[in-house]
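Below, each chain spelled out in residue letters.
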Amino acid sequence: MAKGITRERIVAAALDLLDEKGMDALTVRALASRLGVAAPALYWHVRNKQELLDEMSTTVMRRVTDALSSVPSGAGWRDDLLTYGRVLRSQYLRHRDGARIFSGTRFSDPDVVKAKESWLARLTDAGFSLAGADDAVDLITAVVVGFVIEEQERGHSADRYAPDERDAWLGDGADLVKAAGHLRDDGDRRFDRQLGIVLDGLGARLS
């Protein structure tokens, strides 16, 4: 085992590499080079890239659960889910391709998974069935992941999404599509509005 190499150090270096190079450049070989060790030295701690992504995702979600642990109860299920969505998005946005590392991963820390217990309890106390509460959390998570993936991709390739160039490419006969393209308000306002639509749907089912 390489001296001084720990999972915590590996994950920190992996997140730095992600921020600098992006998801596609994140490889075990590139990470080993950054840490100044041979790639086999990392296999004592992470067996492959998927396990590395599991650890990175766990670290990000640990920050989410830490932030949510201070949210007082009693605000109501809608505010709880809105807060969860906002916190999750803010943590993904801290890293380049932050939402992409989440997809398909499995948390390696049972305490991160157990943190969901209190939120399921709050939702079931508000009237959701257990299945409905679990669906609600999963749905908000999926919305955030998808939103942030698109949000970050547009940020990396802003020139590809220039409305005026898109208008010229579309040509005639798409006035509403063009107008809608100029209405796009990326960021917090759009996120809150779209998440609100999902919460409205959950509220309708609950009632």
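What counts, and at which threshold
- Residues numbered from 1 in each chain as written.
- Predicted model: local features only at pLDDT ≥ 70, side-chain atom pairs only at ≥ 80, totals over all residues.
- Heavy atoms only, no water.
- Helix = DSSP H or I, 4+ residues; strand = E, 2+ residues; numbered from the N terminus.
- Buried < 20%, exposed > 50% of the residue type's maximum accessible area, 1.4 Å probe, protein only.
- Domains from an automatic or database assignment.
- Contact = heavy atoms within 4.5 Å.
- Buried area = accessible area lost by both parts, 1.4 Å probe.
- Salt bridge = Lys/Arg side-chain N within 4 Å of Asp/Glu carboxyl O.
- Polar contact = N/O pair within 3.5 Å; in protein donor to acceptor, adjacent residues only side chain to side chain.
- Nonpolar A, V, L, I, M, F, W, Y, C, P; charged D, E, K, R; others polar.

Any chance you could break down unusual backbone geometry for me, citing the residues and the numbers?
Phi is positive for aspartate 97, close to 55°, though the residue is something other than glycine. Note on placement: aspartate 97 falls in the loop between helix H5 (77-92) and helix H6 (110-114). Aspartate 97 gets classed as buried once you look at its relative accessible area, which sits at 8%.

Go over the domain arrangement of the protein, please, and point to the residues and values.
When the parts of a complex come together, some accessible area is lost, and that lost area is often used as the size of the interface. By the assigned domains, the protein splits into domain 1 (1-47) and domain 2 (56-204). Here the C-alpha centre of domain 2 lies 28 Å away from the C-alpha centre of domain 1. Taken together, the contact between domain 1 and domain 2 spans 11 residues of the former and eight residues of the latter. Between domain 1 and domain 2, a total of about 930 Å² is buried, with carbon and sulfur atoms accounting for 63% of that surface. Considering only the surface of domain 1 that becomes buried against domain 2, Leu15, Asp19 and Met23 emerge as the three largest contributors, covering 50% of it. At the boundary of domain 1 and domain 2, one finds one salt bridge. A salt bridge links aspartate 24 to arginine 100; the shortest N-O distance between them is 3.3 Å. For the interface between domain 1 and domain 2, the tally reads five residue pairs in polar contact (both at pLDDT 80 or more). In terms of residue class, the side of domain 1 that touches domain 2 is built from six nonpolar, one polar and four charged.

Outline the environment of glycine 196, listing residues and values.
Among the structural elements, glycine 196 can be located in helix H11 (residues 188-206). Note on glycine 196: relative accessible area 12%, which makes it buried. Counting along the chain gives 62 residues from glycine 196 to aspartate 134, while the straight-line C-alpha distance between them is 18 Å.

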